[in-house]
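# Structural overview
If you want the building blocks of each chain, they are given just below.
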Amino acid sequence: MSDLQVRVAPTSRLKLRKSAEKVRSLLGVKVPGFPSDAFDLLLSGNFPEYKFDVLEADIMGPHHGLTEPDQKIMFLREDVYEGAMRGDGRDRFTFAHELGHLLLHSGNYLARYDPSAPNPTHKKYEDSEWQADNFAAELLMPIAAVKKCADPTELMEMCEVSYMAASVRFDVLRQGGLIK
Ligand SMILES: [Zn+2]
């Protein structure tokens, strides 16, 4: 994951859920999770207003993904892209997280990153990273999928995510009263 915690226009989990559902519907994704093939549909021009590219590790350096929402462009490091295509949970989450930045944050940056103030003081729902993480969780682990699973291990296997992502997803939905 890239990135700097930047203040952006506020949003809610519900709005992030709707955005993720829109992407799933545009790509015709009907299975419980989000198949890696669907990521490839993005790269092959299903969102013509956006540009996606896969760059070699010597260009990307330590960055797994980089997105410039205002320029509508998103880059993934080659090994991360390949990992996502293989079904690696962490790489799939990175792909979905960067997609969140791309779709949600164009024209929405309210502040620039200030290196002298490393601890952001804005609210979490105004935070670019919180929003991208929650978009990714909604995209990869829709509530309907979580409801089919007894525990994070089952969700991890069904939705091809890391144990950590599955576990956080369970906790968030339980706290929100959306699952038991
Ligand atoms: Zn990010």
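In case you missed it, the structure is sitting above this.
Basis of the calculations
- Residues numbered from 1 in each chain as written.
- Predicted model: local features only at pLDDT ≥ 70, side-chain atom pairs only at ≥ 80, totals over all residues.
- Heavy atoms only, no water.
- Helix = DSSP H or I, 4+ residues; strand = E, 2+ residues; numbered from the N terminus.
- Rg over C-alpha atoms; globule rule 2.2 N^0.38 Å.
- Buried < 20%, exposed > 50% of the residue type's maximum accessible area, 1.4 Å probe, protein only.
- Contact = heavy atoms within 4.5 Å.
- Areas by Shrake-Rupley, 256 points an atom, 1.4 Å probe, with all protein chains shown as cover.
- Lys, Arg positive; Asp, Glu negative; His and termini not counted.
- Charge placed at Lys NZ, Arg CZ, Asp CG, Glu CD.
- Phe/Tyr/Trp six-rings, centres within 6.5 Å; stacked < 30°, edge-to-face > 60°.
- Pairing = 2+ DSSP bridges.
- Axes fitted to C-alpha atoms, helices over the stretch in contact; angles between N-to-C directions.
- Parallel < 35°, antiparallel > 145°, perpendicular 65-115°, else oblique.
- Left-handed = near helix turned anticlockwise from the far one by under 90°.
- Nonpolar A, V, L, I, M, F, W, Y, C, P; charged D, E, K, R; others polar.
- 1 Å grid on protein atoms, 1.4 Å probe; cavity = no way out; pocket = protein on both sides within 12 Å on 5 of 7 lines; lining within 4 Å.
- Points joined across faces, edges and corners; volume = space filled by probe spheres on them.

Now for the overall build of the protein. Counting its regular elements, the protein contains nine helices and three strands. Counted from the first residue to the last, the protein has its helices and strands arranged as α-α-β-α-β-β-α-α-α-α-α-α. Here the protein has a C-alpha radius of gyration of 16 Å; the compact-globule value for 180 residues is 16 Å, and the two agree. Its C-alpha atoms give the protein principal-axis dimensions of roughly 45 × 35 × 25 Å. For the protein, buried positions account for 46% of its 180 residues. Long-range pairs, those at least 24 residues apart, make up 64% of the contacts in the protein between residues at least 6 apart in sequence. In the structure as shown, the protein presents an accessible area of about 9,500 Å², 52% of it carried by carbon and sulfur atoms. With 22 positive and 27 negative side-chain charges, the protein shows a separation of 11 Å between the mean positions of the two kinds.

A few words on the packing of aromatic side chains. Per the stated rule, a full pass over the model turns up three aromatic pairs. Judged by centre distance (4.0 Å) and plane angle (20°), the ring pair of Phe39 and Phe95 falls under stacked. In this pair, Phe39 is assigned in helix α2 (residues 36–46) and Phe95 in helix α5 (residues 89–104), connecting sequence segments 56 residues apart. Each of the two residues, Phe39 as well as Phe95, counts as buried. Taking the centre distance of 6.4 Å and the plane angle of 55° together, the rings of Phe47 and Tyr50 count as tilted. For Phe47, a relative accessible area of 8% gives the class buried. Through successive ring pairs, a cluster of aromatic residues spans Phe34, Phe39 and Phe95.

Moving on to the pairing of strand β3 (residues 73–77). Each regular strand displays side chains that alternate between the two surfaces of the sheet. Counting buried positions along β3 gives four out of five residues, so the element sits mostly inside the fold. Two strands pair when backbone bridges link them, and strand β1 (residues 51–55) and β3 are joined in this way by five bridges, in the parallel orientation. Along β3, the bridge assignment pairs Lys51 with Ile73. Bridge count for strand β2 (residues 65–68) against β3 is four bridges, and the pairing is antiparallel. By the bridge assignment, Leu66 is partnered in β3 with Phe75. In sequence, β2 turns back onto β3 through a hairpin of four residues, with Lys72 there showing a positive phi of about 55°.

Viewed as axis vectors pointing N to C, helix α4 (residues 78–86) and α5 meet at an angle of 110°, and their least axial separation amounts to 7 Å. It follows that α4 is roughly perpendicular to α5 by the angle criterion. Judged by the sense of rotation from one axis to the other, the crossing of α4 with α5 is left-handed. Mapping the contact onto sequence places Asp79, Val80, Tyr81, Gly83, Ala84 and Met85 in α4 and Asp91, Arg92, Thr94 and Phe95 in α5. Considering only residue class, the contact of α4 with α5 consists of five nonpolar, two polar and three charged.

This next bit is on the sheet that holds β2. Reading across the sheet, the three strands line up as β1-β3-β2 and stay open at both edges, with mixed pairing between neighbours. Bordering the open sheet on either side are β1 and β2, each of which pairs with just one other strand. The mean inter-strand angle of the sheet, taken between neighbouring strand axes irrespective of direction, is 15°. Lying over the sheet, α4 contacts β1 and β3, oriented at roughly 85° with respect to β3.

In this model, the second largest pocket occupies a volume close to 280 Å³. Taken together, 15 residues make up the lining of the second largest pocket; nearest its centre are Phe93, Asp133, Met164, Ala165 and Val168. Among the secondary structure elements, those contributing two or more residues to the lining of the second largest pocket are α5, α6 (128–140) and α9 (163–175). Considering every element that reaches the lining of the second largest pocket, the biggest residue donor is α9, with five residues.

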